[in-house]
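# Architecture at a glance
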Amino acid sequence: MDTIASLFSFITTPVSWVIVQFHKVYGAIFGPDTGWAWGLSIVSLVILIRICLIPLFVKQIKSTRAMQTLQPEMKKIQERYKNDKQRQSEEMMKLYKETGTNPLSSCLPILAQSPFFFALYHVLNGIATGDQIGVINESLLASARKAHIVGAPLAAKFTDSQSTVEALGATLMDVRVVTAIMIVMMSASQFFTQRQLMTKNVDTTVKTPFMQQQKMLMYVFPVMFAVFGINFPVGVLVYWLTTNVWTMGQQMYVIRNNPTPGSKAQAAYLERLTKHVTHHGKVRRRSEKTIVKAIVAKGRDRNEFERKFINSLSKAGLAAQADGVVIKSESQAAAQAEDGTPTTGGTGTPKRQQPKRQSKSQRQSGGATAGAAKPADEHVSLSKSDDEPEDAKPAAPAKKAAQKQQPGAGTRSKAQSGQRKGPQRPKSPSKK
């Protein structure tokens, strides 16, 4: 451990200085020798470190999204070389190299925390052994050795002997119960974090090495924390439990508001977004506009949940635009009259009424009636002339036209009643 401590000695002094500054604040509130003062100092150190790592976390999210955009290409490679695993791996690595993506990017926050973790371990181990580390002087060292967290000294470990624990002013049973509970909570939080990522925020339609890596980490990390946790001081367990809880909450926020395309989390998010947009008629948040913009840009490459989202907007009379804005669709929304019937189309013009389809007999009889009615209309218009008397009406042409139309109409009506045209064959006499 001395070799590891020497490698991270450049960060030991800054970490000890930060702890001392937080201890001054909390010591004034809870007392300088209490476990609350030292425990909250460690928790505050974790929060400060994680806030500094937020840009790295954002980079990790972008790298993960870049991996997700490669899912269709990965699926093609898997289908093309499904019988040749070696060639499949070579093509995958070639794709990663061409696009500049890295499937190990999810480990970046953990790797970035490693220097702070070993520095804190070295500081707390120095407190346990009575060595001055960094800016922690003799008075601070004595105060830290007196601090207990739920009956367990800050520098005690699960594997410490009874004499070592008694020298720190505690009992072996208290130390082992507290450390065991903290180790279980630490491993459980790590497992839940990875399981949440695998079950809710992964596109299950494509199996990639990235998914296999995440599945492996889901089981490996909790076991690692359980094995190595028995050798961690209580202060380090507080640090690691706090950072696991922070990671779990941070990931829950990302999964809820920026889910992976094709995952269960995206289906739940788009369902909530659909209800919100159809209720308010617009997208209000900038993050929501970004997601809608990405869905519109995909076009035919949308997945099942994204197509359902677009169709739901169309049914509600809304349309998503290329800039992420949702507006009312003129082709879907129809203005309603006072009685509730649609009167105009989307452009404000009256709707075109489709004529009812008539039967053949109605069309033929209608044609005959129209032929007979046309001269009558002409007769009426002529009767209004002042130059001719009323008794000089040209009724003969109308009667002749009606007589010409009547035989044809009668013949057609008979033909449509089921009888054949032309001469009919005589019926055979019935047999008695």
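Model, not experiment: these values are computed from the prediction.

### Quick look at the overall build of the protein chain
Counting its regular elements, the protein chain contains 17 helices and four strands. Expressed as a percentage of the 432 residues in the protein chain, the buried residues total 36%. A fraction of 63% describes how many contacts in the protein chain between residues 6 or more apart in sequence connect residues 24 or more apart. Carbon together with sulfur atoms contributes 57% to the accessible area of the protein chain, which is approximately 27200 Å² in total.

### Topic: the pattern of salt bridges
A full pass over the atoms with the stated rule returns two salt bridges. For Glu 91, the salt bridge goes to Arg 87, with nearest N and O atoms at 3.1 Å. Here Glu 91 and its partner Arg 87 are both found in helix H6 (residues 85-99), four residues apart, which amounts to about one turn of the helix. For Lys 298, the salt bridge goes to Glu 306, with nearest N and O atoms at 2.8 Å.

### A closer look at the confidence of the model for the protein chain
Of the residues in the protein chain, 70% reach a pLDDT of 70 or more, and the chain-wide mean stands at 75. The element-level mean pLDDT for the protein chain is lowest in helix H17 (residues 396-415), coming to 47, with helix H3 (residues 35-52) highest at 91. Here residues 368-402 scores under 50 on pLDDT; set against residues more than four positions off or in separate chains, the count is seven contacts.

### Notes on helix H13 (residues 264-280)
Here H13 is 17 residues long and its end C-alpha atoms lie 25 Å apart, about the 24 Å a rise of 1.5 Å per residue gives. Those residues of H13 not exposed but buried are Ala 265, Gln 266, Tyr 269, Leu 270, Leu 273, Thr 274, His 276 and Val 277. One or two positions beyond H13, positive phi appears at Gly 281, with a value near 80°.

### Some details on the packing of aromatic side chains
Under the counting rule described, the total for this entry stands at six aromatic pairs. For the pair Phe 22 and Tyr 26, a centre-to-centre distance of 6.5 Å together with 25° between the ring planes defines the contact as stacked. With Phe 22 and Tyr 26 both in helix H2 (residues 9-30) and four residues apart, the pair spans about one turn of that helix. Residue classification places Phe 22 among the partly exposed residues on the basis of a relative accessible area of 23%. Ring geometry for Phe 30 and Trp 36: centres 6.0 Å apart, planes at 25°, overall stacked. We classify Trp 36 as exposed; its relative accessible area is 59%. Aromatic ring contacts, followed pair by pair, group Phe 221, Phe 225, Tyr 239 and Trp 240 into a single cluster. Over the aromatic face of Phe 158 sits the side chain of Arg 176, whose NZ or CZ is 5.5 Å from the ring centroid.

### Some remarks on the side chain of Asn 257
Mapped onto the fold, Asn 257 is located in helix H12 (residues 234-257). Residue contacts for Asn 257: discarding those within four places in its chain leaves Tyr 269, Arg 285 and Ile 291.

### Remarks on the side chain of Asn 303
Locating Asn 303 in the fold gives a position in the loop between helix H14 (286-298) and helix H15 (304-315). Here Phe 305 takes part through its backbone nitrogen, which lies 3.1 Å from a polar atom of the side chain of Asn 303. From its side chain, Asn 303 meets the backbone nitrogen of Glu 306 in a polar contact 2.9 Å long.

### Observations concerning the nonpolar core
One finds Leu 120 and Tyr 239 to be the most contacted residues of the largest nonpolar core, which totals 48 residues. If you list the elements that add at least two residues to this core, you get H2, H3, helix H7 (108-129), helix H8 (138-146), helix H10 (172-200), helix H11 (209-229) and H12. Discounting residues that sit within four places of it in the chain, Leu 120 has contacts with Val 15, Ile 19, Ile 42, Leu 45 and Tyr 239. Counting 13 residues, the second-largest nonpolar core is a separate cluster that includes Val 283, Ile 295, Ile 310 and Leu 318.

### Looking at a positive patch on the surface
On the surface, Arg 256, Arg 272, Lys 282, Arg 284, Arg 285 and Lys 289 cluster together into a patch of positive charge. Along the polypeptide, Arg 256 turns up in helix H12. Its relative accessible area of 48% is what places Arg 256 among the partly exposed residues.

### Some details on the packing of H13 against H14
At a closest axis distance of 12 Å, the pairing of H13 and H14 adopts a crossing angle of 110°. By the angle class used here, H13 and H14 are roughly perpendicular. Taking contact as the criterion, the partners of Tyr 269, Leu 270, Leu 273 and His 276 in H13 are, on H14, Glu 288, Ile 291, Val 292 and Ile 295. Of the residues in the contact of H13 with H14, the class split is six nonpolar, one polar and one charged.

### Section: H14
Between the first and last C-alpha of H14 there are 19 Å, a value that for 13 residues agrees with the 18 Å anticipated at 1.5 Å per step. Those residues of H14 that fall on the buried side of the exposure criterion are Glu 288, Ile 291, Val 292 and Ile 295. The arc that holds every buried residue of H14, seen down its axis, measures 95°, which confines them to one face. For H14, exposure combined with an orientation more than 90 degrees from the buried face picks out Arg 286 and Ala 297. Tucked inside the fold, the buried residues of H14 contact H12, H13, H15 and strand E3 (318-320). Of the residues flanking the end of H14, it is Gly 299, one or two places downstream, whose phi is positive at about 65°.

### A closer look at the environment of Ile 11
Assignment of secondary structure puts Ile 11 in helix H2. Relative accessible area serves as the criterion here: at 10%, Ile 11 is assigned to the buried category. Separated by 105 residues in sequence, Ile 11 and Phe 116 place their C-alpha atoms 7.1 Å apart. Residue contacts for Ile 11: discarding those within four places in its chain leaves Pro 115, Phe 116 and Ala 119.

Calculation criteria
Residues numbered from 1 in each chain as written. Predicted model: local features only at pLDDT ≥ 70, side-chain atom pairs only at ≥ 80, totals over all residues. Heavy atoms only, no water. Helix = DSSP H or I, 4+ residues; strand = E, 2+ residues; numbered from the N terminus. Buried < 20%, exposed > 50% of the residue type's maximum accessible area, 1.4 Å probe, protein only. Contact = heavy atoms within 4.5 Å. Areas by Shrake-Rupley, 256 points an atom, 1.4 Å probe, with all protein chains shown as cover. Salt bridge = Lys/Arg side-chain N within 4 Å of Asp/Glu carboxyl O. pLDDT = per-residue confidence, 0-100. Expected span 1.5 Å × (residues − 1). Phe/Tyr/Trp six-rings, centres within 6.5 Å; stacked < 30°, edge-to-face > 60°. Lys NZ or Arg CZ within 6 Å of the ring centre and 35° of its normal. Polar contact = N/O pair within 3.5 Å; in protein donor to acceptor, adjacent residues only side chain to side chain. Core = buried A, V, L, I, M, F, W, Y, C linked by side-chain atoms within 4.5 Å. Patch = residues over 30% accessible without salt bridge, like charges linked within 9 Å, V, L, I, M, F, W, Y side chains within 5 Å. Lys, Arg positive; Asp, Glu negative; His and termini not counted. Charge placed at Lys NZ, Arg CZ, Asp CG, Glu CD. Axes fitted to C-alpha atoms, helices over the stretch in contact; angles between N-to-C directions. Parallel < 35°, antiparallel > 145°, perpendicular 65-115°, else oblique. Nonpolar A, V, L, I, M, F, W, Y, C, P; charged D, E, K, R; others polar. Arc of directions from axis to C-beta.

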